[in-house]
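# Examining the three-dimensional arrangement
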Amino acid sequence: MREMFTDVLSVVAALSIMLRCSISMGMMMHCHYASALSSHPSASSAAMIQSVGQSSRLNNAFIIRSSSRRTASARPFCRSSSLLVCVHNNDDDASDIINSQHEDDSSMHDHHHEHQLSATRALIQPHFPFPLDTWQLHAASSILSRHNVIVCAPTGSGKTVVGEIALRIALTNNTKGIYTTPLKALSNQKFGEMQRVFGVDKVGLATGDVCIRRGAEVTVMTTEVYRNMAWKARDGGETFDDAERSKEENNNNNLSFNSIVVLDEFHYMGEKGRGSTWEESVIFNPPNTQIVSLSATLPNAHRLASWMTSVTGRQTDLIQANGARPVPLRYYFATKRDFAPLFKDEDAGPGAPNGLLGLRGDGVVMNNSMSLNNKNNNNKSTKKKKTLGNSKAAALDDAQISGLSQLPIGLHLNPILQQSAERQMASIDRRIQRIIQQQQQQYGSYNDKYNTGSSAISAREQRKMKENMLKAELRKSVPSISTLIQYLRDHDLLPGIFFIFSRKGCDTAAEVLCDSFKSKEEEESSNNRGDNNRRKRRKNKLLLKGRGRRSENREWDLNQDDELLAMVQDDDGRNLRADLLDQLLSDEFDAAFEDDSSITGDEEANDDSFLSEKNLRQYSEIGLLNYDDVKKVAYRVLAFNEGNPEIAFPEGVVEQLLCGIGSHHAGMLPAHKAFVETLFRLELMKAIFATETLAAGINMPARTTVICSMAKRGDLGMNLLETSNMLQMAGRAGRRGMDTAGSCVIAATPFEGPGEAITILTNEIKPIVSQFTPSYALAVNLIDRGNGRLDLARSMVEKSFGAWESRQRELDLQEAMMSLDSQDGDSIPEEQFLNALQLTLEKELLEVKDGTSRTGTSQSKISKLTSLVDVLSNGKKLKKVSKQYSGAASILELEQSTLSYLELEYRALEKENDPNLPSELMDVDREELVNEIKTQRQRVMKGQREVNNSLLSMIAKVANNRMRDDTDGTLRKALATTRLSHEESPTTFIEGAPLEPGELNAYIKVAPKNNRKPILDQTTASSSDESEDETWGQMEALLKVLQAYGCLTQSTSVKDEVQYSVTPGGKHVGSLGMDNSLWVLSALGGAWDVAYESAELDKFQDHDDPLDDYDIEEIEERSADEKHGSMPKPQIEADTLIRELCGLDAGEMAGYVSSLVVDAPRHAGSAVESFTKLTSKQQHVVQAALVSLERLVEVQRRFGLDDSIGKCQLELTSIDVFTAWASGESWSECLTMSGLAPGDLVRILSRALDALRQIANLPYIPARGLDGTLQVESVGVHPTIRSLCKKAVVEMDRYPVKDDFPFQQNESDESEEDQDSGTTSEVEDEEDIEIAVDG
C-alpha cells in the first residue's frame, strides 16, 4: 500500500510541476507525460519528476484565481519568483489561469489544472472523513511540488488539515516531519491529535519541559526548540552509508532526514519579543526541508512569500482562503436593552457570508454599496457617533465623517441600534429642557426689552451637562453577565466563550453568574415554600473537597505518597495522575455514570451528598446543564478532588462547574485549566470566562464568542483592540460540523459603543513587521556554523525580513519613479502632476505607518492618509470628489456674493438720512439688515468649513507640507511644469506658491482618470537602511563582548579576513536559550572579563570592594599565589564565585538560578528585605555575582550594546520560594510564601526548572583547577555546578509542576567525580540525558 501511495504521489507531483511550465513547453511535456503515464513504472517515477522539475523553473510566477463571489484583494506584483495562488473556498467554481503566454491555450491550462486537482483529491481525500476545500487541495499540490507554502486562512477554517497533509507526504517519502507551535499547551494538544492520526509510536514531543520520542517520524515541538535545532543543522545534501545513516537518525538534533516543517501560527512572527524566533527558523531552515506556514489572514502575506523564496532558495506558494468561512460568522451588539445585529447588512462583516461587501477586495460587492459622502446615510452615522462612543468619536463633525467614511452602506450601523441611540439622546435632551425650564421658573421672566430667549444655564454648561448625562447613560446601557447569558439562551447561542482582559474579571464574572442562578432559585423557593434556611443547607451540602480533605487528613502532604505521584500523559499531551486518566477523560468513565450501581448506598441515602439525585437535579434546574451533564461533571469533580486533595477545587468553583460555567486564565493551575478545557470540549460547560490567551491557538471552538471589552491596557494606556486580536477572538465562534453559523457578540462598555466596534472590525489588519534581534547565542552559533568567518553572520542579518523589506521598498520606489518618467512623454502635464502627487501621498502614508514622518504618527492620521490615497488611486472616486468640491466651492462663492451685497446695502443705508422717514422705521430696517448679515456670515463660515474639510483641501495641505519641508523635489517640479503649461494664465501662481484646492480641482478635471491605480505597495516596512546597519552594529558589539569574555578567540586572518574560534565557554553560551546567555554563564563563574575591559571599575571599587564584606581574609589565604601573580582581578572573582556556588546544596542552587531568569513580580518588595530571607551561602553568592554583573554591564556599555539585548538581572524577590520548593516544602506552603496566583507560581517554577535543565544539559567540559593558573579563554560551567542543577531538577520536578522524563537513570555521582578530577575516563554521553530546551 505504501508503494502504491508513493507512485501516485509521484504522478501528482509531476502533474503539479507541469502546470508551472510555459505553454509551449507544457504542450510537449503533456504528450511525453501522457505516454509515460500509460506505462508508468514506479522505479522511474522519481526520475521523471526530476526531469520535469528542471523545466518548471522557466516559468514560476503566475496567479491562479477562482471565480468566486468574493473578490481577491488586488495587490501589486512583487519582483520575486514566488508563486501567488489566490484560491477560494468554492469547489464548484472553475479556475482561470491568468498571465498565460497564449490566450488560445487557456483551455489546455484549465484541463491540466482540473486534472491536477482531481489527482490530488484522489490521493489525499481518502485520509479525511470530510470533503477537502479547494484551497486545501491547492496547498497539497504545492507541497507535492516540493515548494514552500504559506497558508493564510481565517481562524477555524481548517489550516491544521494542511499541516496534517504535509506530514503525511513526508512519511510517504520515507522522511520525517516536524510540527511546531508557539505554546507548550498547544504543543501538548497537537501531540495528542497527531498520535491519534499517525499512531502513538510514530509521534514525539519536544518542548521546554518534556521530551518524548524526540526524533520520531513526526515530532511536535515549540518553535523555539526547532529554531535551536536549525541553528546547528547541517546544510543538507549529505550522503551516508547504512551505518552512518543509522547513527545520524539516532541523533535527535539532526535535521538531515527531515523533509517538512510545519510552522503553525506563523503570524506570531510579528509579535514583539518572540517574533524573531519564527524569522530565524526560516532563515536557518536547512535546504532539504520544506516550510509549510499556517497563519491567520495577513495583509502582507505576499511579501512574506517573496521573502521566504529569496531566503530559502525554494519557490514559495501563497495559498489564501479568501472565500467564505466554512462556518460563517455573524456579529451582534448587546446593550442592557437591545440585542441586535451590529451591521445594517446582517450577513456583513469579517468572515460573514457577504464579507466586507467589497471593502479592500473582501466579500460580495453590492450595487451602490459604496458611500463616500451620502448625506442621508452619513447623517445617520453622524447621529450615531454623537450618541454612542467616546468623546473623540462625538467630536467628529459632519465634514470629517463624510470625508473619511469609506464604508459600504451594508457596514453602517444597524438601524435598530441607531434608533435606540437616538431615543437615548432624545431622552437626554428632554431632561435638559426640563432643567432649563425649572431654572427659568426659579429666576422668573425677563422684561421684553432684555428677553432674548436665553436660559439661566449657559450653552457651555448645557454641553457639559449633556456630556455627563451621556456618560451616565452609557454606563447604564452596559449589559450584565446575567443579561448576556439570557440573550444567548434565548437565541440558542450557547456554548460561548466570554473574553475578559482581566484574570480577576474572569473569576468575578463566573462567581457573579453562579450567584445570580442561586438567587433566582432561592427567590422562587421563598415564594413557594417560604424561607426555610435553604442557603444554610446549600452551604453545608456543597463541600465537594473529597474525602481526602476531611479534618483527619488536613495535614496530608502530597510529597508523602509516591504512588499518587505517578504521572502519565493523556491523549491531549497533558500530565495527569495515572489513577485519574481513565476516569476523567475516557468514555468508560462516562459509561459508568449511566450505571446507578456506581453510586454507593450511603451516597444515595444522604441528601447532603452532592451526588444525591436531589442536588444534581437542583443544579440542572438553575444552571445551564441538563441532569445527565450535571451528573457527569459531578463525578469528574469528585474524582479530581479525591485524587488531588492539595489542589482540589474550592466550594465556589465546584458550584460554578455544576452550573455549567467556569473561568480560564494564566493565574489558574495547569491541572485546573486542563480540567476546564476538557469539560468545554465535551460540551459539559456552556459558558467560560477567559482571557485572550484562549484565542491564541488552543482548540476550544464554541458556538459564540462574547467580547466584553473593546479596549485593552497597553504600554501607553488604554487603547482600542487591534483588528487582528478582535478577529482572532471572534474566529473561535462556529464549530465546523456542529454549527451552521458562528456568532460574535460585542457588549457595550461605559466607554465604547457600536461605532468603535465597527471601527475595529473594518480597520485594515496591520502587516507583520520584522522583530529580528541578535543575541549572544545566535552570534556564537553563526560563528560556529560559518567556520569562524563573519560572512555567514553578515549574510544572515541581511536575510532578515526587515532588511529584505528595506531593500524591496527602495526597489519599489525606484520602479515607480522610472514608470512615471517613462509616462511623461505619453501623458499631459496635469496627469503627470496627479501621478507625482499620488506617489507623494503614498510615501507619506508609509512614513506615518513606520513612525518616520516629520509630522508624527497616529491612528487618525493613518486613516486620513489612507482615505486620501484611496481617492487618488481610484478614478471614479477622484471624479466624484472633484464634483463635490466644485459644488461646495460654487455654494461658497454664491454665499460670499450674497454677503457682499448685503454689506454694500448696509453701507448705503448708513449714508442715507431721509428726514421725511421716522427714526423708528429707520432703526427697524437697520436691525433687520444687521440680522440678515449675521445669518449670511454664518452661512459663509459653514461653506468655508465644508471647503476646508473637503478631501481636496486635505490633499493640498499634505502636498504643501511635503514641498515646504523640501522632502519631495519631484512634486515641486511637476507642479511648476503644470503651471507653465497653462498659457492662458502662466503667472497665476508664482513659483513656490502653495497648491490651492481650486487649482488642484482644475487639474483633476483636465487629467484622464480611467487608468488610475496604486503605485506603491503599502505593506512594506521603512525604506531606511538604518535598521539593517543598526542590527549589524549590534551583532558586531555582541562579538566584541564575547571576545572580551573569552568565548571567542580571534585567530590569524586570511587575506585580511577576521577568523574566530569558539572556546568551551562560547559553546556553553550558544547552548543556552536565555535572553542573555552570557550573563547566565558569567553568574555561574563560567565566563569573565578575560581582556579586562572593565578595569575602569576597579578605580572606584578599591576603597569599597564588596568582597570585603565576607571572609576576605579566608579568600586571600586560599588565593595568595594568584594575587601575587599576574592573574587579573576578574578571574579571581570568577574563581571565588565558583567556590561559593560549589558550596551550595541543590535547593539553594535552584533559588539562585531562578534569580537569573525569573522576572520580578508586579508588587515586589524591597531588595534589602528579600536579601535577608536568603541563606548565608546564598548571600555570599549574590554578593559575588553582583561584581560580575557590574563588570558585564560596563563591558557591554563600552562596546555600545543595546540595553534590551544585554539585559542582566539578579532578582532576589522569590529566591526563598524556589529554595523552599526545591528543598521539599509542600505546594500549599510555597503558595502562601509567594503570595502569587497558583498559575503564576507554576509558571515561574517551570521557567526556573527549564533554566536548570538547560544548565544541566550543557556539553561536558572537564573541570579547570582553581590553582591560580592564568586562563586566556572561558571554560564554561563547572561540572559540580551542573551536577547540582541536575539534582535541583529532580527535587523541583514534582506535582503540580512535575513533567515526565527529566533525566535518564544512567548518570551517577561517581562519573561526575571522575570528570571533576580530570581523569581520562570516558566523558558522559550527553545525548542520552538531553532534554528539549525552549529558547
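Calculation notes
Residue positions are given per chain, counted from 1 along the sequence in the order it is written. With pLDDT at 70 or above as the cut-off, local features in this predicted model cover only qualifying residues; side-chain atom pairs require 80 or more to be listed or tallied, and sums for whole chains, interfaces and linings still use all residues. The basis for every side-chain value is the complete set of non-hydrogen atoms in the structure, without hydrogens or water. Each reported salt bridge corresponds to a side-chain nitrogen of Lys or Arg within 4 Å of a carboxyl oxygen of Asp or Glu. Think of it this way: any DSSP run of H or I at least four residues long counts as a helix, any run of E at least two long counts as a strand, and we number them from the N terminus. When accessible area is computed with a 1.4 Å probe and restricted to protein chains, residues below 20% of their type maximum are described as buried, those above 50% as exposed, and intermediate ones as partly exposed. For two strands to count as paired, DSSP must find a minimum of two bridges between them. Angles run from 0 to 180 degrees between N-to-C directions of axes, and those axes are lines fitted to C-alpha atoms, restricted for helices to the stretch in contact. Contacts are assigned to residue pairs with any non-hydrogen atoms lying within 4.5 Å of each other. Centres within 6.5 Å make a pair out of two Phe, Tyr or Trp rings, where for Trp the six-membered ring is used; the pair is then stacked when the planes are under 30 degrees apart, edge-to-face when over 60, and tilted otherwise. By definition, being over a ring means that NZ of Lys or CZ of Arg is both within 6 Å of the ring centre and within 35 degrees of the ring normal. Directions from the helix axis toward the C-beta atoms define the arc.

Close approach of charged atoms allows side chains with opposite charge to pair. Scanning the model with the defined rule gives 31 salt bridges in all. The partner of Glu 613 in a salt bridge is Arg 617, with the nearest N and O atoms 2.8 Å apart. With Glu 613 and Arg 617 both in helix α23 (residues 613-622) and four residues apart, this pair spans about one turn of that helix. Glu 613 gets classed as partly exposed once you look at its relative accessible area, which sits at 44%.

Time to look at the sheet that holds strand β18 (residues 687-690). With mixed pairing, the seven strands of this open sheet are ordered in space as β13-β12-β22-β19-β14-β18-β17. Of all the strands in the sheet, the pair left with one neighbour each is β13 (339-341) and β17 (661-664). Direction aside, the axes of adjacent strands within the sheet are offset by 25° on average. Bridge count for strand β14 (residues 496-499) against β18 is four bridges, and the pairing is parallel. Note on β18: the bridge partner recorded for Gly 496 is Ala 687. Helix-sheet contacts for helix α26 (residues 670-681) involve β14, β17 and β18, and the interaxial angle to β17 is about 135°.

Our focus in this paragraph is the packing of aromatic side chains. For the structure on display, the rule yields 13 aromatic pairs. With centroids separated by 5.8 Å and ring planes inclined at 55°, the aromatic side chains of Phe 128 and Phe 130 adopt a geometry described as tilted. Pairwise contacts between aromatic rings join Trp 307, Phe 801 and Trp 804 into one cluster. It is Arg 168 that lies over the ring of Phe 128; its NZ or CZ is 5.9 Å from the centre. Seen from the ring of Trp 1221, Arg 1294 lies directly overhead, with NZ or CZ sitting 3.6 Å from the centre.

With six of its six residues buried, strand β22 (residues 742-747) lies for the most part within the structure. Burial along β22 is two-sided: Gly 742, Cys 744 and Ile 746 and Ser 743, Val 745 and Ala 747, pointing in opposite directions, are all buried. Taken together, the six bridges between strand β12 (residues 329-334) and β22 define a ladder with parallel strand orientation. Note on β22: the bridge partner recorded for Phe 333 is Ile 746.

On to helix α50 (residues 1227-1234), then. Restricting attention to buried positions, one finds in α50 the residues Trp 1227, Cys 1230 and Ser 1234. Taken down its axis, α50 places every buried residue within 65° of arc, on the same side. Where α50 terminates, the next one or two residues include Gly 1235, which has phi positive at roughly 70°.

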